[in-house]
Amino acid sequence: MSGALSGLVIADFSRVLAGPYATMLLGDLDAEVIKVERPGRGDDTRSWGPPYNEQGESTYFAGLNRNKSSLFLDLKKPEGLAAARDLITRADVLVENFTSGTMDRLGLDYDSAIELNPRLVYCSITGFGSSGGATLPGYDLLVQAMGGLMSITGPSVDEPTKSGVAFVDVVTGLHAVYGILAALRHRDLTGQGQHVEVNLLSSLLSGMVNQSAAYAGAHVIPHSMGNDNPSICPYSVYATADRPIVLAVGNDGQFAKLAMQVGAPEWVDDPRFETNPARVEHREELRQEIESRLETRNAAEWVDRLREVGVPCGPINDVAQAFALATDLGLEPIAAGSQVANPVRFSATPPSYRLPPPWLP
């Protein structure tokens, strides 16, 4: 069965995370992805380890580069550039995240590429855009810091903390896929390709959603609050008799069920707790009340009791436990033996896992 993007050719000039993640997702949908790499070294992430998989590959690289073939080209040599131009001529999409000016110096920039192939969708991924921030290095950690994410993450304002994953790269890769697919739709209608530009900083500001909206819409500067939510309560981590659980109470009805189940029906009429804005204002008082009751039973008991009445809650799993949960729920999180599965399900054109990550010769 052909996938949704069968027949498309992706010239992948990207490396590290945001670009390779985007092109892997396109490859999962049956696009032919040809990854251009440096001879002898390849993508930087080939050497980012440990850990390594059973084949001795960096799991960092392997987790971003399935469903691709590699074309090892020395772009500093005429024959390498000639091969790159040939690839561009027959490609539907080009994805690149070189440092500013590199593709121009190589003669592979957007204007040069569309002379070779006017139908090409050319996607550039940068750290801080192509104008004033063009020379700034686009590393995820830097953007987490400079883009405000670290200021709202962590136990307190005095301890800014990065996300546990390269969140900015991931959300930028997703935005790149979104932009590429929209540009392909435009090309189908008009016959013309176009230049799609995404950058890590703008993607982060968009991806911080409610926190960004607080500043844009109300000029409120958010700050880190540990595990608490600035706008919802109780929506945090709470201690029980043995280990903490998460409560994610999103409305007054759920709060009433929580109050009844922990033996505190009076909370519903308490002016400090009867509405969500009131609970947000009195979050520390409510935390003390909740934990004084949760500490009478262990986490598993509370999760069972609260789920039974429809209160959103759950344990805090490690990654292995999270995969086990997904497996128990029938979500099939592991594909092709050792790969994290594509999370999107299609009724007619499901993702496929045709090629392992390409070896470095």
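Structure first, text after, so check above.
Conventions we followed
- Residues numbered from 1 in each chain as written.
- Predicted model: local features only at pLDDT ≥ 70, side-chain atom pairs only at ≥ 80, totals over all residues.
- Heavy atoms only, no water.
- Phe/Tyr/Trp six-rings, centres within 6.5 Å; stacked < 30°, edge-to-face > 60°.
- Helix = DSSP H or I, 4+ residues; strand = E, 2+ residues; numbered from the N terminus.
- Buried < 20%, exposed > 50% of the residue type's maximum accessible area, 1.4 Å probe, protein only.
- Core = buried A, V, L, I, M, F, W, Y, C linked by side-chain atoms within 4.5 Å.
- Contact = heavy atoms within 4.5 Å.
- Pairing = 2+ DSSP bridges.
- Axes fitted to C-alpha atoms, helices over the stretch in contact; angles between N-to-C directions.

Bringing the packing of aromatic side chains into the picture now. Using the criterion set out here, one finds four aromatic pairs in the structure. With centroids separated by 5.7 Å and ring planes inclined at 75°, the aromatic side chains of tyrosine 110 and tyrosine 122 adopt a geometry described as edge-to-face. Of the two residues, tyrosine 110 is situated in helix 5 (residues 110-116) and tyrosine 122 in strand 5 (residues 121-126); the sequence distance between them amounts to twelve residues. Across the pair, exposure class does not vary: tyrosine 110 and tyrosine 122 are buried alike. Seen from their ring centres, phenylalanine 255 and tryptophan 267 are 6.0 Å apart, and the 20° between their planes marks the pair as stacked. Separated by twelve residues along the polypeptide, phenylalanine 255 in helix 10 (residues 252-261) and tryptophan 267 in the loop between helix 10 and helix 11 (276-281) bring together distant segments of the chain. On the basis of relative accessible area, tryptophan 267 is assigned to the buried category, the value being 2%.

The next subject is the nonpolar core. Among the nonpolar cores identified, the biggest contains 36 residues, and Ile10, Leu26, Val93, Val95, Cys123, Ile125 and Ile180 are the most heavily contacted of them. Within the residue set of this core, elements represented by two or more residues are helix 1 (18-28), strand 4 (93-96), strand 5, helix 7 (167-190), strand 6 (194-199) and helix 8 (200-207). Not counting chain neighbours up to four residues away, the residues in contact with isoleucine 125 comprise Ala18, Gly19, Val95, Glu96, Asn97, Thr172, Ala176, Val198 and Leu200. Counting residues in each nonpolar core, the second largest holds 22 residues, with Ala264, Trp267, Phe273 and Val280 among its members.

A separate point is the sheet that holds strand 2 (residues 32-37). If you walk across this open sheet you meet the six strands as 3-2-1-4-5-6, and the pairing is parallel. The open sheet has two free edges, formed respectively by strand 3 (68-72) and strand 6, since each of these has just one partner strand. Across the sheet, the mean angle from the axis of one strand to that of its neighbour is 20°, orientation sign disregarded. Of the strand pairs in this sheet, strand 1 (residues 9-13) and strand 4 are connected by four bridges, and their pairing is parallel. Considered in strand 4, the bridge of alanine 11 is made with leucine 94. Lying on the sheet, helix 1 is in contact with strand 1, strand 2, strand 3, strand 4 and strand 5; it crosses strand 1 at an angle near 165°. Contacting strand 1, strand 2, strand 3 and strand 4, helix 3 (residues 78-90) crosses the sheet at an angle of about 145° to strand 1.

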